[in-house]
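# Survey of secondary and tertiary structure
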Amino acid sequence: QTHVPHASLGIAMFPNDGDTIDTLLRHADQAMHQAKSDHRHSLQLFSAEMNRRAQERASLERALQQALSDRSLMLHYQPQVLSSSPGTLHGVEALARWNHPQWGMVPPSQFIPVAEDAGLIHELTLWLLDEACRQLAAWRTAGHDVPCVAVNLSGRSFHRPEFAQEISNALQRHGLRASDVLLEITESVMMDARPVTLQNIEALHHQGFKLSLDDFGTGYSSLSYLHRLPISELKLDMAFVQDLTTSATARALTVSVLSIAHSLGMVVVAEGVETTGQQQWLQAHGCPVMQGYLFGKPLPPDEIEAWLCAQVPRPYR
Ligand code: C2E
Ligand code: MG
Ligand code: MG
């Protein structure tokens, strides 16, 4: 085999970047991490901005750890509706929310990557699975008809040999079945060739879980994976949906995705539907399920109940 080594260099200089060996090494290390993440450069000088970002990240990490241990994260749920009957639920997607006492709402696009890097994502995933299952069981006990809950899984959890078992344990704790939960994965999970990832996917499939491919169309979108792995749902990324009325390319690609999914017996969920123009186009082209602000934003559990009640036609109104 031929190996091509690359070096990444971080540079901190005495005395401007620090006057002790510990500070200089820490700053050189921060600069090296920056050099590694920026693939174009293999060499990076330390800067005060870099230090500020590193400290911000460290405090975000500490606060997230705290939030996980005192269970102050929440789940909001977004309705996914049938195109043929937008008052009828296909399911709800559970989305993590973090309301920090000082910083206010921290968006998932900010804290999920921190959780991934800091090794906290698995704890977060186990919490969210348990909480989503608890909520679904509670809705059913209260007589609300929620067909299933979709949860977002991080690729890293698939590296744990016991992951498939941990998922079924969460369901069992709340008396649910595999068909009650939809597991959303990203293309990075499909591309992951580690045997342990494939074993988890196979185990989940054998236990009757359904896998949904999130943000479809934005990554590699390799068709051979669709064919090889047990995927039962594609989530058409909102980038396509939002361009439907203005871009012929977006329309052509969407028609192709719908046709492939239909031939393979997969459900398509269009994400980020905001206008009736988008809704009508998707409905006319046979997209079976939609999700977006047009039907409902991600809502706390009690507002989902109110949403459900508002959809039921009342005979005496
Ligand atoms: P996603 O799984 O693709 O979730 C859909 C995102 O689109 C959500 O953003 C949702 O609020 C937003 N959205 C839904 N409808 C509309 C619409 O009509 N218009 C617009 N502009 N946006 C819409 P959110 O909640 O900020 O989540 C962002 C991403 O963070 C999620 O993307 C998901 O990848 C990740 N995420 C959220 N919660 C979790 C979690 O519990 N675990 C993991 N691993 N990832 C999560
Ligand atoms: Mg998702
Ligand atoms: Mg998505």
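Above this text is the structure in question.
In short, a report on the structure. Keep in mind the model is a prediction, meaning the values are calculated, not measured.

### With respect to the pairing of strand β8 (residues 210-216)
Within β8, 5 of the 7 residues are buried, which leaves the element mostly enclosed by the surrounding structure. Pairing analysis gives 4 bridges linking strand β7 (residues 181-185) to β8, with the strands arranged parallel. Bridge pairing in β8 places E184 opposite S212. Summarising the sheet, β8 and strand β9 (residues 231-236) pair through 4 bridges and their orientation is parallel. Following the sheet pairing, L211 is matched in β9 by I231. In this fold, β8 hands off to helix α8 (residues 223-228), which returns the chain to β9; that crossover is right-handed.

### So, the packing of aromatic side chains
What describes a pair of aromatic rings is the distance from one ring centre to the other and the angle between the planes of the rings. Scanning the entire structure with this criterion turns up 4 aromatic pairs. Pairing W98 with W103 gives two aromatic rings, centres 6.3 Å apart and planes at 75°, and the pair type is edge-to-face. The buried category is assigned to W98, whose relative accessible area is 2%. When the centroid spacing of 5.2 Å and the interplanar angle of 75° are considered together, the rings of F158 and F163 count as edge-to-face. For F158, a relative accessible area of 0% gives the class buried. Among the aromatic residues, ring-to-ring pairing joins W98, W103 and F111 into one connected group. Cation over ring: K297 sits above Y293, and NZ or CZ is 4.6 Å from the ring centre.

### Some remarks on the pairing of β7
Where a strand is regular, its side chains alternate between the two sheet faces. Burial runs high along β7: 5 of the 5 residues are buried. Burial along β7 is two-sided: the residues V181, L183 and I185 and L182 and E184 are all buried. Pairing analysis gives 4 bridges linking strand β6 (residues 149-152) to β7, with the strands arranged parallel. Directly across from V149, in β7, lies its bridge partner V181. A crossover links β6 with its parallel partner β7, the connecting element being helix α5 (residues 163-173), and its sense is right-handed.

### Quick word on the pattern of salt bridges
Applying the stated criterion to the full structure yields 14 salt bridges. E49 is paired through a salt bridge with R52; the nearest N and O atoms lie 3.0 Å apart. Of the two residues, E49 and R52 both sit in helix α2 (residues 48-69), 3 residues apart, roughly one turn of that helix. Among the residues examined, R52 registers a relative accessible area of 42% and is labelled partly exposed.

### Digging into the coordination of the magnesium ion (ligand 3)
For the magnesium ion (ligand 3), the protein coordination sphere consists of D214 (OD), D215 (OD), E271 (OE) and E271 (OE), at 2.1 to 2.4 Å. Here the magnesium ion (ligand 3) and the magnesium ion (ligand 2) are spaced 4.1 Å apart, linked through D214, which binds each one. Here D214 falls in the buried class, since its relative accessible area comes to 9%. Residue D215 is classed as partly exposed on the basis of its relative accessible area of 28%.

### Considering the coordination of the magnesium ion (ligand 2)
Here the magnesium ion (ligand 2) is held by the protein donor atoms E93 (OE), N152 (OD1), E184 (OE) and D214 (OD), which lie 2.0 to 2.3 Å from it. The sequence pattern describing where the donors of the magnesium ion (ligand 2) fall on their chain is E-x58-N-x31-E-x29-D.

### Describing the site of ligand 1
Close to ligand 1 lie 21 residues, the nearest being R97, N152, D214, E274 and Y293. The separation between an oxygen atom of ligand 1 and a polar side-chain atom of R97 is 2.8 Å. Within the side chain of E271, an N or O atom sits 3.1 Å from an oxygen atom of ligand 1. For ligand 1, the accessible surface in isolation is 800 Å², of which the surrounding protein chains cover 81%. Those elements that provide at least two residues to the shell around ligand 1 are β4 (85-100), α3 (108-117), β8 and α9 (238-243). Among the residues making up the shell around ligand 1, the classes are represented as 9 nonpolar, 5 polar and 7 charged.

Procedures and definitions
- Residues numbered from 1 in each chain as written.
- Chains lettered and ligands numbered in written order.
- Predicted model: local features only at pLDDT ≥ 70, side-chain atom pairs only at ≥ 80, totals over all residues.
- Heavy atoms only, no water.
- Buried < 20%, exposed > 50% of the residue type's maximum accessible area, 1.4 Å probe, protein only.
- Helix = DSSP H or I, 4+ residues; strand = E, 2+ residues; numbered from the N terminus.
- Pairing = 2+ DSSP bridges.
- Right-handed = clockwise from strand over helix to strand, strands pointing away.
- Phe/Tyr/Trp six-rings, centres within 6.5 Å; stacked < 30°, edge-to-face > 60°.
- Lys NZ or Arg CZ within 6 Å of the ring centre and 35° of its normal.
- Salt bridge = Lys/Arg side-chain N within 4 Å of Asp/Glu carboxyl O.
- Donors = N, O, S within 2.8 Å, 3.2 Å for Na, K, Ca; no water.
- Near = heavy atom within 4 Å.
- Polar contact = N/O pair within 3.5 Å; in protein donor to acceptor, adjacent residues only side chain to side chain.
- Areas by Shrake-Rupley, 256 points an atom, 1.4 Å probe, with all protein chains shown as cover.
- Nonpolar A, V, L, I, M, F, W, Y, C, P; charged D, E, K, R; others polar.

Everything listed here is a matter of coordinates, which is why it stays silent on function.
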